[in-house]
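A look at the structure
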Amino acid sequence: MSKTIDSNSNTFAKRKSAVVPRLIAIFCIAAAAAAVLFAVMHIKERRRAPSGSAGVLQKAWKSYDYGAVCEISRTILDEKPFNNTALTYYGYACFYLAVSQTDTALSQDYLEKSINALRLALHHARKSLVPQLEYMLGKAYFYKNTVTSYYYADLAVLYLNRAKEHGYKAPDISEYLGLSYAALGMTMESISAFTEALLERESDSLLLSIAEQYCKAGQLSAAKQYLFRIKSGCLDEELVLKSMNLLGTIYITDGDYEAARQEFESILKKNQNSADAYYGLGVIYEMQGDLVKARAEWRKAIRVQMNHAGALAKISDYK
C-alpha cells in the first residue's frame, strides 16, 4: 500500500516539476510577444503622427513654412489645448500668415487666432518669454486695427509698452507705437515715439509720418524740415508726391499761395490723376476769391476720384 502511495506521490511530483518550467516558458514567450507588440505599436504611432514632435515643429519654423507650423501646432493643441510651446508657435504662425494675406477677411481670421493663442501662451509663459509675447501681441493688435472698422490701437499701445518696460528690444517697436498713437489721435506721444524710432533706423516713410503728426500739432516749421528731407533724397516717387502735397497744404496755411501752387502743379506734371493736387489748387483759387476757377479744379478732383471728401464738401458749400 505504501508503495502505491509513494508511486503516486512521485508521479505528482514529476508532473509538478514539469509544469513549472512550462509555465515559466509560456510566461517568457508571452512577455516577449508583448514587448514585440509594444515596440511595433510604438513605431506605428511615431510614423502615424510625426508632426506632433517638437523637432518637426521647429524644422518647419526654421524653413519659414508657416502653413505647416500652423497645422502641426494645431494638431498638438487638439490633444493638449494648453501646451505652451504649441500655443506660441501657433500664435506666431497665424500672425505671419495674416500679414501675408490679400484677402481682408482671411487676414482677420488669422489675426483672431493669433491673438487668442498668444494671450493663452502669455498666461502660462516663462518669465523670460513674456516680453517677446507682449511684443507680438502688440503687433497683432496693430494689424487688427488696420483691417477692421473697430479700434484696437489702444491694445497695441498697451502690449508694446509692456514689452518695452520688460526690456524687449526690436528695431520696429517705436514705429509701431508711433503709428498706434497716431491712430488714437495722441499726436505728441506719436511724435515722441517716431523720433525714438529714427534713432533705430531712418526711413522716408517714417519722416513723412513725423511730418504729418507735426502738422496735426500745428508745428508747421518742424513739419517742413522733414518734408524737405524727403523731397531732396527720397527715391520713392509716391512718398515724394505725398510730401509735396503736404508741403502745398502747409504753404496755403502760411498764406504763401505761389509756393503752394508750385507744389501742386509739380505734382500734376508727375501725375495728372492726383485728385489732392487739383483740390489744393481749388483751395488756392478759393482763398484768392476766384470761385469759378476753384470749382473747376474741384470738379477735376472729383472726376479723378469721385469720392474725394474735400472736393465734394467744397462743391456742396458753393452750390
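In short, a report on the structure. (Residues numbered from 1 in each chain as written. Predicted model: local features only at pLDDT ≥ 70, side-chain atom pairs only at ≥ 80, totals over all residues. Heavy atoms only, no water.)

Regarding the overall build of the protein chain
A tally of helices and strands in the protein chain yields 16 helices and zero strands. Across the 319 residues of the protein chain, 40% fall into the buried class. If you take every contact in the protein chain between residues at least 6 apart in sequence, the share linking residues at least 24 apart comes to 45%. Put simply, the protein chain shows about 18,900 Å² of open surface, and 55% of that area lies on carbon and sulfur atoms. (Helix = DSSP H or I, 4+ residues; strand = E, 2+ residues; numbered from the N terminus. Buried < 20%, exposed > 50% of the residue type's maximum accessible area, 1.4 Å probe, protein only. Contact = heavy atoms within 4.5 Å. Areas by Shrake-Rupley, 256 points an atom, 1.4 Å probe, with all protein chains shown as cover.)

A short note on the packing of helix H5 (residues 104-123) against helix H6 (residues 130-147)
Contact pair H5 / H6: the axes reach a minimum separation of 10 Å and the direction vectors enclose 155°. Taken together, the axes of H5 and H6 are roughly antiparallel relative to one another. The hand of the H5/H6 crossing is left-handed. Side by side, H5 and H6 meet where Thr 104, Ser 107, Gln 108, Leu 111, Glu 112, Ser 114, Ile 115, Leu 118, Arg 119, Ala 121 and Leu 122 of the first sit next to Val 130, Leu 133, Glu 134, Met 136, Leu 137, Ala 140, Tyr 141, Tyr 143, Lys 144 and Val 147 of the second. Taken together, the residues of the contact of H5 with H6 break down into 13 nonpolar, four polar and four charged. (Axes fitted to C-alpha atoms, helices over the stretch in contact; angles between N-to-C directions. Parallel < 35°, antiparallel > 145°, perpendicular 65-115°, else oblique. Left-handed = near helix turned anticlockwise from the far one by under 90°. Nonpolar A, V, L, I, M, F, W, Y, C, P; charged D, E, K, R; others polar.)

Side note on unusual backbone geometry
Phi at Tyr 64 is positive, roughly 60°, even though this residue is not glycine. Within the secondary structure, Tyr 64 is located in the loop between helix H2 (54-62) and helix H3 (66-79). Classification of Tyr 64 by relative accessible area gives exposed; the value is 61%.

Description of the pattern of salt bridges
Counted according to the given criterion, the structure contains 14 salt bridges. Between Lys 144 and Glu 112 there is a salt bridge; the shortest N-O distance is 2.4 Å. Highlighted residues: Lys 144 in helix H6 and Glu 112 in helix H5, separated in sequence by 32 residues. Judged by relative accessible area, Glu 112 falls into the partly exposed class, the value being 33%. (Salt bridge = Lys/Arg side-chain N within 4 Å of Asp/Glu carboxyl O.)

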